[in-house]
Structure formats: C-alpha cells, structure tokens
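Analysis of the macromolecular model
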Amino acid sequence: MTRWGRGRSALVSALATGALLMSAAIAPVSAAEQSSDPPQLTAAQPGTLAECEGLAEFAYPSTVIDGAEVVPAGSVNGVEVGEHCLVTGRMNERVSDVDGATYAIGFEMRLPVAWSGRFLYQANGGLDGAVVPALGGTGGGESGLQMGFAVISSDAGHSGSQGPVFGLDPQARLDYGYQAVGTLTPMAKALIEAGYGRGPDRSYMTGGSNGGRHTMVGAARYADQYDGFLPIAPGFNLPQAAVAQIWGAQRYATVATDPADISTALTPAERAVIAASVLARCDALDGLADGMVQASALCQQVFSLDRDVPTCDADRDGTCLTVEQKSVVSDIFAGARTSDGEPIYSSFPFDPGLVQPGWGFWEFTASVALDPGAVGYLFTTPPDAPPLASLPAYALGLDIDAAAASIYQSSGIYTQSAMSYMTPPDPTNLERLRDRGGKMIVVHGASDAVFSADDTAAWYDQLDARNDGDAERFVRYFEVPGMGHVQGGPATDQYAALAALVDWVEQGHAPDRLVASVSSTNAEVPASWSPTRTRPLCVYPSVAVYREGDPESADSFVCDQPATPVGVTAPVVSGQPDVGRTLSATPGEWAGENLAFSYRWLRDGVAIPGATAPTYLVGSADQGKALTVEVTASDGSGTANATSAGVTVRWVSAAVVTTTPLLVAAASRPVTVTVRILPLRADAEGTVTVTTAGRTFTGTAADGKVAIPVGKLPRGVHAIVAVYEGSAAVAPTKGYGVVVVR
C-alpha cells in the first residue's frame, strides 16, 4: 500500500544559506556510525521535598531568588495540583547598552512535595515576556506538575510590557531564541538538588507554538541536558512563517471588500463553503464519513479548490468563491513565495478545521498586528523598527523580498541572523538525542493557520531519510485532524502525550497511537459529535482508518494507510455515439502511484462480452442504449473502480422524401416536400434542410416528420435532397426524391 507522506512542501530551512553559526558544533554522524540499539534509559525514582522556605537562600551565579513559599494543594489557574514549593527569581539582570532598558531572565519553579524524580522545562508561546505559571500543561492528560515533575517557566529574558521592541537588544534576541533555555537549565537542576537532596533522574522539555519552537531548538542544542522532548505546533521556522503571514495579508488585501479589514477577503461563511467541499471530497477516505479528514496527505491529492468549491457567477453571497478569491486562497495554501518564485515558507494542507475562529485570527488579525512587530524588531537585521502604532500599514506595505532576505542576514552588533538564533541549527541532526537514548514526540494540528503541519511533516520526512527510514525509533510525529494552532477546532484535541513520552523514555514502550478525545470546553466541536468521541492519533505517515464498530470510539479504528487508489475525476468517453463509430475511454484522474488500468464497457449497465479495451466499436445492438465504461485502477496493493457518465447511442435512421402533389406537379402550383425520418420516433426531431431547383429550404421535424413548402418550381425534372441533422437520440441521415414539373 502506498506510503502517504505529506510530500507537498519541501522543508524551507536555513541549511542552504550557510548562516547557521552553531551547526559546526554538532557534527553529523553517518548511518554506518549510528548505534543500532540506543541505550534504554532507566526510570526516574521518586523523592520528597526536604526544603522550601530555605530555598530563598539558594545561591547560584548571576541568580537572584525573589521568593520561596509553600503552596497548599488546590487550584492553580484552574488546575488541581498537590502541595508544592513556588520559587521565583531572575538571572543575568543587566542594563542594555543599546536601548537602556533593564533585562533579566525571569522564572518561577514549582517543586512538588511528592516528587517523581523528574524535571520539566515548560517553554512558553508567543513573544514570551511573561512567566506563565509553571504547571507543565501539554494538550490533555495530567500536567507535568500533577505528574510530580518539578517544573520551570520563564519569560525568556524580557518583559511583556516591552512588546517586540526588546528585539533592538542583541542579547535579548539571543535569550529569546535559545540562550535563556541554556542559562536556566543548569540552574534549575541545581535548585532541584537543593530542594530534594539530589538532581533529577530524568529531564524533559515541552511547549506549544513558540514553546514548540523552543523545544525543537532544545532537542538540537541541548540533547545532552534532556531525555525527552514534546513540541506541540512547533514554529521551528518562525521567522519564515512570520514573513509568510505578512505576505498572506498582502494577498488577502487584494480581494478584501473593506480595505481596513482584510477578514472581508474570506468570510466565515465562505470558509465554511471550503470546509464543506473538503469534507465532501475527503471525509470518507479513511473509511468513515464523520466530519473529520484523517487521510490528510491523500486529501491534498484528491481535493481541488478550483474544481470542488463553487465559483460565483455574480456577486459574492457566502455560497461560493470568486475566481479572484480562489486565486488568492490557492496561493496562500501553496505557500508564500518571493516575487521571483522562491519559497519563503511551507505550504498548508486543506482541512475542514479552517472554519474555527482561531484560524481567522491568525490569518487576518495576527498577520497585521503581531507578525509585523516580530518581523520589524526581531527578524529583520538590522531591525526595521516600525512605529508600533503603524504596524498594519507597515505589514501591508512591507517589501516582502527584502524581508525574506533579511531573516538570513547578520549586521554589526547583531551577530546572528534570525534564522540562526531562532531555529534548530541543523533541524534533522538529532544524533546526540538518538544515541543517548533520548526520545521526541511531536504533535501538530492539520488546521494550524500560522505554523504549517506540512512544514513539520516535511521536516520529519527529511529526518527519516537521514536515519535510513528508521527515525521513528526515537522520534514520532502525530498529526491531529481538524485541530488549529496548539488546540481547538473540530477536533479530538485532548491527548496524554507527556505520559506517553515518559513511558517511552523510561520503559521503552514506543507509542503506536495516542488516544485523543474531545474537550468539554471546546465550543468548536460539532453538535452532531458524541461528547465522548475518541480517535487514535497515529504515528506519521499512518492515519486512523475505520474498520468496524462504534464510530465514536477510537477502538473502531486502526492506524494504517488509507485505501488506494482513489478516483479524483470520473473516466471520460469521447467520440460520436453512432453505429459504426469508435468510442475512446480515458481513465480520469486518480490518486495513487504506479497505477495500472483495465476497462470494461457496459450497455445499459450490463457488461458487453469481450469489450475490455480502451476503445469500443459501436454496433447496431447499441441503438438507443446508454454506453458507459468502468475503469479499474490498481496500484499493486488495492483496486478501485470508477464509471464514466453514459453516452446514448443514436438510432440509425433513413429519410423518405415525398412531394405534394406527388411526383408530378404543374408549374402553376406550389410544391410541398414531406420528409419522414424512419423509423418514426417521437425523439426524431430537429432541423431538416431541403435543396431543390438550386434553392434551399429548412424546417423542423417533430415526431419524425416535417412538411416543407418549396413554392412554385420551374418546368423540368428536379432532384430533391433532404438532410436531417439528427437529434440526441436519432442519428443524422440524408434522403433523396424527385419531382417533375410540367
């Protein structure tokens, strides 16, 4: 069966630029040097917190502890957690020589009284700038703190009140990119040792969005410090994605009905039309029509925006897209490009989850309110530094080619380009992680509008190729159909990935699937779904395929490849459907590889003996019958059939010509030519042309006959030629007669 990897978008990385300054420090290991059996790491052992208030005196270089207090068991940010110690502090406090602002890496750490022996680095999203409560939430299941992890959270070296302006400071850029993680990690482990009397047995890192980027970068830079990594919706090519967002805003602006609101380029109703069209084409590819597209990669082969979404004949009314809208949407899903066609960022998969409000936020709000700040202050080098009050105007007027080039540039005090300090130094070089027994689980929503699941799939494909097709022994990628950015959408977006990662790292139990459920708080789950719906998230490139049983239960699905081949467009019969003529069949469009086709012609739905070639000679037995061709496609592992539209073979006819008066007429009397189409049929209708005495007359046959007055004719013998042009049911014919005029 075909292995349906994404295959839509090459990984757009900084490898080709030579600008990744840290890559030289991580030398690749050849396939021959790879350990066939990486070591199995031992399980963490539990411990008990021995010290809390005294941790206020914890001493570590360049570190200030602001407080240490016992937090009783109860709710923290709506999460029920056990008793723990909350330690707050900051590292590397300084005053910038560039902008005069005060910077520090602020953090908090929560150390549970009942400790599992594990440490979790919680990487946060967006532009960071806030010390989010260190709970270690991971998209479902118990949080890290609930599982007994000691959890750290940080602001990555700047304050949220600064907004993107912190990008003016070169060190703040580097801390945000990767150095805050490298600075905090050894301090956190020392703090754990001070609290529990020993350091962590096992260390993990997780985060979503920018936090997923932190985690991907951590896997490449700090694999010697962590045993397991869980990036969710990882924006590991964030500078590219940010430029692509602005490029998309500029494209949307060309079809927006309100220049001040680019969301008018594609309204919620119009997005629903696209989603419905995707479902109509792709929902059942996984064996069950359930409002979810599991076979996403195959769907991209089958779905066509141009063909499958209605085109407006007149004004936009929410039920169709204009030709111009289709052009813009197609371009955006195909991926941002420079003016000379060079890719800026990845393509995006079509998925019905684009109906969710969050999709619209990233496309129409973030692209003109958030991304221009990140590009203008953090990713262009040197910074463009646009006025914060004018970010939408900056976005819509940005020179995309210049911005796309600038993310790879360094300049003066900015010694590392954005693609150097923000992305993994060599995204597919995870040999240190692999060879020490570390593991990674990656999760991404198919309807993420800002960081593309195509980009993550392409990264995994390249990682797999680098590891001789065996990357899944230490990295597994799970795609969530319908899920938007990090969570939400018409999706089963709750899953216990952190527990699965721990089980893999410490017990050697590689997850073949993650069971995902709907969230009771997700208003975007369709009302027709059961509130207990579950689905398996499968190891890429496998997908959830329905076999049998309760359609709301993950137990009714297996992780497999979708059945192929799949017909995209129906076979087509060409040629004139008349006796004695030859019809030809083309197989239509199919999704599949190495396809072979066979043909079977049918007469009124019944197979015609011996008619198994791509062509068919129409015979007299076919008159009045509908001929179709059934095409069977095979890819070596499965077969599928598709049948063409029918063509009706026309009846053979003959034209009988008579005149009134019959045969002999007086020159003084008008003549009428009567033409009968035999056999007489009600559907023998259409134009008849009569030519006689050098003149031509026309009439319209009804019920197989027509009388055509030709007026007075001169004396003599006149030949009459009658031509019947045919109808949908009766073939054309020609007849002859004669009249003598005296």
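Treat the numbers as computed from the prediction; the structure is a model and nothing was measured. Every chain's residues receive numbers from 1 upward, in the order its sequence appears when written. Where totals are concerned, whole chains, interfaces and linings use all residues; where local detail is concerned, this predicted model gives features only for residues with pLDDT of at least 70, and gives and counts side-chain atom pairs only at 80 or more. As a convention, hydrogens and water are excluded, and side-chain values are obtained from all of the structure's heavy atoms.

With a 1.4 Å probe rolled over the protein chains alone, any residue whose accessible area is under 20% of its type maximum counts as buried; one over 50% counts as exposed, and the rest are partly exposed. Secondary structure is summarised from DSSP: a helix means a run of H or I of at least four residues, a strand means a run of E of at least two, and numbering begins at the N terminus for each. Burial of strand β12 (residues 439-445) is extensive: seven of the seven residues sit out of reach of the surface. The pairing criterion for strands is at least two bridges between them, as found by DSSP. Note that strand β11 (residues 228-232) and β12 share three bridges and pair parallel. Looking at β12, one finds that Ile232 is bridged to Val443. As judged from the six bridges shared by β12 and strand β13 (residues 475-480), these two strands associate in the parallel manner. Paired with Ile441 across the strands is Arg476, a residue of β13. By the criterion used throughout, a crossover qualifies as right-handed when its path from the first strand across the helix to the second strand runs clockwise, the strands pointing away from the viewer. In terms of handedness, the path from β12 via helix α14 (residues 453-466) over to β13 forms a crossover that is right-handed.

What follows covers α14. Counted at 1.5 Å a residue, the expected span for α14 with its 14 residues is 20 Å, and the 20 Å between its end C-alpha atoms agrees. Among the 14 residues in α14, 10 count as buried, and that is most of the element. When we look at burial in α14, the residues that qualify are Ala453, Asp454, Asp455, Thr456, Ala457, Ala458, Trp459, Tyr460, Leu463 and Asp464. With a side-chain oxygen positioned 2.9 Å from the backbone nitrogen of Asp454, the residue opening α14 is Ser452. Just beyond α14, the residue with positive phi is Asp468, at close to 55°. Here the expected span of a helix is defined as 1.5 Å times the quantity of residues minus one. Two N or O atoms count as a polar contact when they lie within 3.5 Å, although within protein this holds only if one can serve as hydrogen donor and the other as acceptor, and sequence-adjacent residues are included solely when both atoms are side-chain atoms.

The subject of this paragraph is the state of the cysteines. When two cysteine sulfur atoms are found within 2.5 Å, that pair is recorded as a disulfide. One pass over the structure, following the stated rule, counts four disulfides. The disulfide that involves Cys312 links it to Cys320, with 2.0 Å between the sulfurs. The disulfide joining Cys312 to Cys320 has a torsion of about 100° about its S-S bond and is therefore right-handed. Each sulfur in the disulfide pair Cys538 and Cys559 lies 2.1 Å from the other. The disulfide joining Cys538 to Cys559 has a torsion of about -80° about its S-S bond and is therefore left-handed. Taken together, the residues Cys538 in strand β15 (residues 534-538) and Cys559 in strand β17 (residues 557-560) connect sequence positions 21 residues apart. With a relative accessible area of 28%, Cys559 lands in the partly exposed category. The disulfide pattern of the protein is 1-2, 3-4, 5-6, 7-8 when the bonded cysteines are numbered in sequence order.

Taken in spatial order, the nine strands line up as β2-β5-β6-β9-β8-β10-β11-β12-β13 in an open sheet, and their pairing is mixed. A strand with exactly one partner marks an edge of an open sheet, and here the two such strands are β2 (63-71) and β13. Between one strand and the next, the sheet's axes are offset by a mean angle of 15°, whatever the strand orientation. Against the sheet, α14 engages β12 and β13, with an angle of about 155° to β13. Only the stretch in contact is used when fitting a helix axis, every axis being a line fitted to C-alpha atoms; angles between N-to-C directions are given from 0 to 180 degrees. Here, residues are in contact when the closest pair of their heavy atoms is within 4.5 Å.

Next up on the list: the nonpolar core. Of all hydrophobic cores here, the largest spans 123 residues; its most connected members are Ile274, Phe379, Leu430, Met440 and Trp459. Broken down by element, this core gets its largest block of residues, 12 residues, from helix α1 (residues 170-196). Listed in part, the 32 residues of the second largest apolar core include Leu145, Tyr495, Val502 and Ala516. Buried residues of nine kinds, namely Ala, Val, Leu, Ile, Met, Phe, Trp, Tyr and Cys, make up a nonpolar core once their side-chain atoms join them within 4.5 Å.

Within the secondary structure layout, Val98 lies in the loop between β5 (84-95) and β6 (102-112). The spacing of Val98 and Gln171 is 73 residues in sequence and 9.9 Å in space, taken between C-alpha atoms. In contact with Val98, not counting residues within four places along its chain, are Leu168, Asp169, Pro170, Ile413 and Tyr414.

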